[in-house]
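Descriptive analysis of the structure
Chain by chain, the residues run as shown.
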Amino acid sequence: MQKMGEKLSPSLASDGSSVIVTPAVKEKVRQRRNSKEEKVSTKKAHHPVWQPGEERPAQKSLLVAYLLWLFGGVFGVHHFYLRQDRRAFLWWSTLGYFGIGWIAEILQIPAMVRDANDDPRFVKEFNQLLRTNRKPPFSTGRFLLAIMIGYWWGQMIMIAIPQTVFFGLDWGFLHWAIPFGVALGVWTVGNTGREKGVLWHCLVASYGSYLSRYFLMDEAYWFTTMAFCCAFAFDHFSKEWNLEVPKRKRMAR
């Protein structure tokens, strides 16, 4: 019912007929629109925030980490000490990325120790990365490392396959396990540190590019093609931030 002194304004309905819209109705529409805009802006402004676990981990020493890096770094001993078992296995299986990674880590160990200790400085820096990057930014070193490890693991599988009839069996069918080794190597590199991703993107890219061996006769070419495609697929389709609080039960406490 119209209130005393309330002005009515005509409006057209969807069927072309005239509809009377009161100021009260306009106010409700405006409030509803503002509410929707606030929800959208809040959703856009939301950034994931990482918080360490309630239980503070046993504090790791920077000096001990450097000593372990110096005397056992090529075997990943310092990574075991810092509770980075997956990276330690990569180090052990490649002797510190063939010595290159061992040397390159000389400046990275302080950040690794802060990470292992849930240091407030690390938490602040990591949350700043989360605010500025929806997904982990591209890293040339990490990308090349994934290619190298995928290539190496695929080569190890191929070397292990008997080239002749063995125990009365032709083991040639096991060559289809080579792309799996490449994909697993790339995926393992991608799931170290504060980044993670699923395996199936790597598997699809690896097995799809494995067919290039029938067009590229040189083994090094089709192996590199397979590892590159696998690393590219992981970096563009699978990679995301790892926001899970690391479990503190490790081989080295």
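Everything numeric here is computed off the predicted structure, so don't read it as measured data.

The next subject is the overall build of the protein. Of the regular secondary structure elements, the protein holds 11 helices and 4 strands. Scored against the burial criterion, the 253 residues of the protein give a buried share of 36%. Accessible surface, the protein: about 16,100 Å² in total, of which carbon and sulfur atoms supply 65%.

This brings us to the pattern of salt bridges. Should their charged atoms come close, side chains of opposite charge can pair. Applying the stated criterion across every chain, the model contains 4 salt bridges. When the shortest N-O distance is used, the salt bridge between R194 and D115 registers 2.4 Å. Taken together, the residues R194 in the loop between α9 (178–190) and β3 (195–196) and D115 in helix α6 (residues 109–116) connect sequence positions 79 residues apart. The exposure classification of R194 matches that of D115, with both residues buried.

What follows covers the UniProt feature "transmembrane region" (unreviewed entry) in the protein. Under the present numbering, the feature "transmembrane region" (unreviewed entry) in UniProt falls on residues 63–82, 88–107, 143–161, 173–190 and 197–215. Within the segment residues 143–161, helix and strand shares are 95% and 0% respectively, and the terminal C-alpha atoms sit 28 Å apart. Between the C-alpha atoms that bound residues 197–215 there is a distance of 30 Å. The span itself is 58% helix and 0% strand.

This paragraph deals with the environment of Y207. Inspection of the secondary structure puts Y207 in helix α10 (residues 200–210). You can call Y207 partly exposed: its relative accessible area is 30%. Remark: the alpha-carbon pair of Y207 and C230, spanning 23 residues in sequence, is separated by 9.0 Å. For Y207, the contacting residues outside a window of four places in its chain are W176, A177, P179 and F180.

For K239, the position within the fold is in the loop between α11 (219–238) and β4 (240–241). Take K239: its relative accessible area is 7%, and that puts it in the buried class. Here the side chain of K239 touches P136 through a polar contact of 3.2 Å, landing on its backbone oxygen. Here the side chain of K239 touches P137 through a polar contact of 3.3 Å, landing on its backbone oxygen.

So, about the nonpolar core. Core analysis: the largest hydrophobic core is formed by 25 residues, its most contacted members being I149, V186, F223 and M226. With residues up to four places along the chain from it excluded, the contact list for F223 reads Y151, G154, Q155, M158, I178 and V182. By size, the runner-up hydrophobic cluster in this structure holds 8 residues, among which are A65, Y81, I109 and A116.

Scanning the entire structure with this criterion turns up 15 aromatic pairs. Between W69 and W102, the aromatic rings sit 5.1 Å apart at their centres with planes inclined by 20°, giving stacked as the arrangement. Note that W69 is positioned in helix α2 (residues 62–72) and W102 in helix α5 (residues 100–104), a separation of 33 residues in sequence. The partly exposed category is assigned to W102, whose relative accessible area is 23%. Following the ring pairs from residue to residue traces out a cluster consisting of Y151, W176, Y210, W222 and F223. Taking NZ or CZ as reference, K60 lies 4.6 Å from the ring centre of Y81, over its face. Against the face of Y214 rests R213, its NZ or CZ located 6.0 Å from the ring centre.

Take α6 next. Taking burial as the measure, the 8 residues of α6 include 6 buried ones, the bulk of the element. Burial in α6 covers these residues: I109, M112, V113, R114, D115 and A116. Those residues of α6 that are buried are in contact with α2, α3 (77–81), α4 (85–98) and α7 (120–132). Of the residues one or two after α6, D118 is the one with positive phi, at around 55°.

Once that is clear, we can look at α4. Taking 1.5 Å per residue as the helical rise, α4 with its 14 residues ought to reach 20 Å, and the 18 Å between its terminal C-alpha atoms agrees with that figure. At W92, α4 is bent by approximately 80°, the largest bend along its length. Turning to α4, its buried residues are R87, A88, L90, W91, S93, T94, G96 and Y97. Along its buried surface, α4 packs onto α3, α5, α6, α8 (140–160) and α9. Just downstream of α4, G99 is the residue with a positive phi angle, here 90°.

Here is what the cut-offs are and how they apply
Residues numbered from 1 in each chain as written. Predicted model: local features only at pLDDT ≥ 70, side-chain atom pairs only at ≥ 80, totals over all residues. Heavy atoms only, no water. Helix = DSSP H or I, 4+ residues; strand = E, 2+ residues; numbered from the N terminus. Buried < 20%, exposed > 50% of the residue type's maximum accessible area, 1.4 Å probe, protein only. Areas by Shrake-Rupley, 256 points an atom, 1.4 Å probe, with all protein chains shown as cover. Salt bridge = Lys/Arg side-chain N within 4 Å of Asp/Glu carboxyl O. UniProt positions renumbered as here; feature names shortened; annotations may be inferred. Contact = heavy atoms within 4.5 Å. Polar contact = N/O pair within 3.5 Å; in protein donor to acceptor, adjacent residues only side chain to side chain. Core = buried A, V, L, I, M, F, W, Y, C linked by side-chain atoms within 4.5 Å. Phe/Tyr/Trp six-rings, centres within 6.5 Å; stacked < 30°, edge-to-face > 60°. Lys NZ or Arg CZ within 6 Å of the ring centre and 35° of its normal. Expected span 1.5 Å × (residues − 1). Bend = angle between axes of the 7 residues up to and from the residue.

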